[in-house]
Amino acid sequence: MPEKKRKKYWVGFDLGGTKMLANIFDSDFKLAGRARKKTQSKNGAQSGLDRIAETIEGALAQTGLQKDQLAGIGLGIPGPLDPSRGLVIHTPNLGWRNFQLRKPLEDAFRCPVFVINDVDAGIYGEFRFGAAQGTRCAVGVFPGTGIGGGCVYEGRILTGRNRSCFEIGHIQIIPDGPLCGCGQRGCLEAVASRLAISASAASAVYRGEAPNLQAQAGTDLSNIRSGALADAIKAGDAVVEEIVRNGARWLGVGVVTLVNLLAPDVVVLGGGLVEAMPAIYVEEVTRVAQARVMAPFKDVFKIVVSQLGDDAVAKGAAAWAEACVDGK
Ligand SMILES: [Zn+2]
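Residues numbered from 1 in each chain as written. Predicted model: local features only at pLDDT ≥ 70, side-chain atom pairs only at ≥ 80, totals over all residues. Heavy atoms only, no water.

**Points about the overall build of the chain**
Stage number 1. When its secondary structure is counted, the chain shows 12 helices and 13 strands.
Stage number 2. Across its three principal directions, the C-alpha atoms of the chain cover 65 × 45 × 35 Å.
Stage number 3. Counting the 328 residues in the chain, one finds 53% classified as buried.
Stage number 4. Restricting to contacts in the chain with at least 6 residues of sequence separation, those with at least 24 account for 63%.
Stage number 5. For the chain, the accessible area works out to roughly 14,100 Å², and carbon and sulfur atoms hold 50% of it.
Stage number 6. Here the chain carries 37 positive and 33 negative side-chain charges, and the mean point of each set is 3 Å from the other. (Helix = DSSP H or I, 4+ residues; strand = E, 2+ residues; numbered from the N terminus. Buried < 20%, exposed > 50% of the residue type's maximum accessible area, 1.4 Å probe, protein only. Contact = heavy atoms within 4.5 Å. Areas by Shrake-Rupley, 256 points an atom, 1.4 Å probe, with all protein chains shown as cover. Lys, Arg positive; Asp, Glu negative; His and termini not counted. Charge placed at Lys NZ, Arg CZ, Asp CG, Glu CD.)

**Focus: the environment of Phe-297**
Stage number 1. On the secondary structure map, Phe-297 appears in the loop between helix H11 (278–292) and strand S13 (302–305).
Stage number 2. Considered as a pair, Phe-297 and Thr-145 are 152 residues apart in the sequence and their alpha carbons are 30 Å apart.
Stage number 3. When sequence neighbours within four positions are dropped, the list of residues in contact with Phe-297 reads Val-259, Asn-260 and Ala-263.

**Side note on the sheet that holds strand S12 (residues 266–269)**
Hydrogen bonds between backbone atoms are what pair the strands of a sheet, whose relative direction is either parallel or antiparallel.
Stage number 1. Taken together, the five strands give an open sheet; going across it, the order is S11-S10-S9-S12-S13, and neighbouring strands pair in mixed fashion. Both outer strands of the open sheet, strand S11 (156–157) and S13, are each paired with one neighbouring strand and no more.
Stage number 2. When strand S9 (residues 137–143) meets strand S10 (residues 147–153), the two strands line up antiparallel, connected through seven bridges. Across the sheet, residue Pro-143 finds its bridge partner in S10, namely Ile-147.
Stage number 3. Along the sheet, helix H9 (residues 238–262) makes contact with S9, S10, S12 and S13, crossing S9 at roughly 160 degrees.
Stage number 4. Along the sheet face, H11 touches S9, S12 and S13 and points at about 170 degrees away from the line of S13. (Pairing = 2+ DSSP bridges. Axes fitted to C-alpha atoms, helices over the stretch in contact; angles between N-to-C directions.)

**Details of the layout of surface pockets**
Stage number 1. Size it by volume and the largest pocket reaches roughly 1,200 Å³.
Stage number 2. Along the wall of the largest pocket there are 50 residues; nearest its centre are Gly-17, Asp-118, Gly-144, Thr-145 and Gly-146.
Stage number 3. Considering only residue class, the lining of the largest pocket consists of 20 nonpolar, 20 polar and 10 charged.
Stage number 4. Split by domain, the residues of the lining of the largest pocket number at least three in each of domain 1 (9–124 + 311–326) and domain 2 (133–306).
Stage number 5. By volume, the second largest pocket is sized at about 290 Å³.
Stage number 6. Surrounding the second largest pocket, 14 residues form its lining, Gly-17, Thr-18, Ser-41, Lys-42 and Arg-225 being those nearest its centre. (1 Å grid on protein atoms, 1.4 Å probe; cavity = no way out; pocket = protein on both sides within 12 Å on 5 of 7 lines; lining within 4 Å. Points joined across faces, edges and corners; volume = space filled by probe spheres on them. Nonpolar A, V, L, I, M, F, W, Y, C, P; charged D, E, K, R; others polar. Domains from an automatic or database assignment.)

**Quick look at unusual backbone geometry**
Stage number 1. Here the phi dihedral of Arg-110 falls at roughly 50 degrees; this positive angle occurs in a residue that is not glycine.
Stage number 2. Position of Arg-110 relative to the elements: it lies in the loop between helix H3 (102–109) and strand S8 (113–117).
Stage number 3. The exposure class assigned to Arg-110 is exposed, which follows from its relative accessible area of 64%.
Stage number 4. The backbone of Ala-263 shows a phi angle near 45 degrees, a positive value even though the residue is not glycine.

**Here's the deal with the coordination of the zinc ion**
Stage number 1. Protein coordination at the zinc ion: the donors are His-170 (ND1), Cys-180 (SG), Cys-182 (SG) and Cys-187 (SG), at 2.0 to 2.4 Å from the metal.
Stage number 2. Coordination at the zinc ion is tetrahedral, judged from the four donor atoms that bind it and the angles of 105 to 122 degrees they form at the metal.
Stage number 3. Within one chain, the residues serving as donors to the zinc ion are arranged as H-x9-C-x1-C-x4-C. One exposure class covers both Cys-180 and Cys-187, and it is buried. (Donors = N, O, S within 2.8 Å, 3.2 Å for Na, K, Ca; no water. Tetrahedral: all angles 85-135°; square planar, octahedral: opposite > 155°, others 65-115°.)

**Considering the sheet that holds strand S2 (residues 19–25)**
Stage number 1. Taking strand neighbours across the sheet as the criterion, the five strands line up as S3-S2-S1-S4-S8 in an open arrangement whose pairing is mixed. Two strands close off the open sheet at either side, each with one partner strand: strand S3 (31–38) and S8. Taken over all neighbouring pairs, the strand axes of this sheet differ in orientation by 15 degrees on average, direction set aside.
Stage number 2. Where helix H12 (residues 312–326) meets the sheet, its contacts fall on strand S1 (9–15), S2, strand S4 (70–77) and S8, and the angle it forms with S1 comes to roughly 135 degrees.

**Some details on the domain arrangement of the chain**
Stage number 1. In terms of domains, the chain is made up of domain 1 (9–124 + 311–326) and domain 2 (133–306).
Stage number 2. Averaged C-alpha coordinates put domain 1 and domain 2 at centres separated by 25 Å.
Stage number 3. Contact with domain 1, which involves 18 residues of that partner, is made by 24 residues of domain 2.
Stage number 4. Carbon and sulfur atoms supply 66% of the area that domain 1 and domain 2 bury against each other, a total of about 1,600 Å² over both sides. (Buried area = accessible area lost by both parts, 1.4 Å probe.)

**Regarding the nonpolar core**
Stage number 1. Among the nonpolar cores identified, the biggest contains 49 residues, and Val-141, Leu-213, Leu-229, Met-277 and Tyr-281 are the most heavily contacted of them.
Stage number 2. When residues of this core are assigned to their parent elements, the largest contribution, 10 residues, is made by H9.
Stage number 3. Residues contacting Leu-213, with those up to four places away along its chain left out, are Ala-201, Val-205, Gly-218, Ile-224, Ala-228, Leu-229, Ala-232, Asp-237 and Val-240.
Stage number 4. Grouped together as the second largest cluster of nonpolar side chains are 31 residues, Val-11, Ile-52, Leu-75 and Val-113 included. (Core = buried A, V, L, I, M, F, W, Y, C linked by side-chain atoms within 4.5 Å.)

This is the structure we're talking about:
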């Protein structure tokens, strides 16, 4: 196996609210293997760290690789974190606070480990391999359980000195609006995340206005996921469609601020809601953004859907690890 031994492999990890994914890529970024586990978010950070390590071990076992063939590991983690220290500051949807991720994984796998925000990883993946190739400024907006954002500017992920940033979900768009998971009021996430949309859809089911969603998911928020919303709309639940379109329009209002601040070449929409209903999202976000940006910014940006889909975060995290190790 001398040939295989010389090759470098990179692990890209995506820690989602419900599932975690470890992908292993060869030096050409072709997928060599993968493993998934449920996140089990209620069990705390230490248990989460153990599961992350087990999932990476599982992907290694599946590909028949040894730890010493790994050149680096990149982890895409939700919520504000400190990439310089590999520290999770706070992940509201998992309940992890001030938790060191990098050191124990470097000890376990004996290779460099990089911890970055998940949508930073996603938009970096799109910049390297997908919908944002060749751009000067690419912005990622990924609505899901929350709403994540990320920005790649001239090939680098935009971050603070010791904080990831670009928390588009917490742009405040309705002063004194609904409470947000972050503790503030009127954030974009409080009106346009999957959780906010599902809560409105559950009310519509309760009022008897969404029979198809009722048959499929009932009023339980944990069952009203992106796929269930998309299916109900296809089956004719007009009220559900209006609720989703309204959420997408709010997302467009958030995008207006990003365009006015950064003049990005491209805004890439991704995440569960967009993957389930891409046409609705592109249509509404584009319409609102074009109508509301300052005149000089009209028509100089594009709103597109993620090309890497489910793999965006893991592939981008692995590619970021490569960029950091190889100095790209
Ligand atoms: Zn917030």
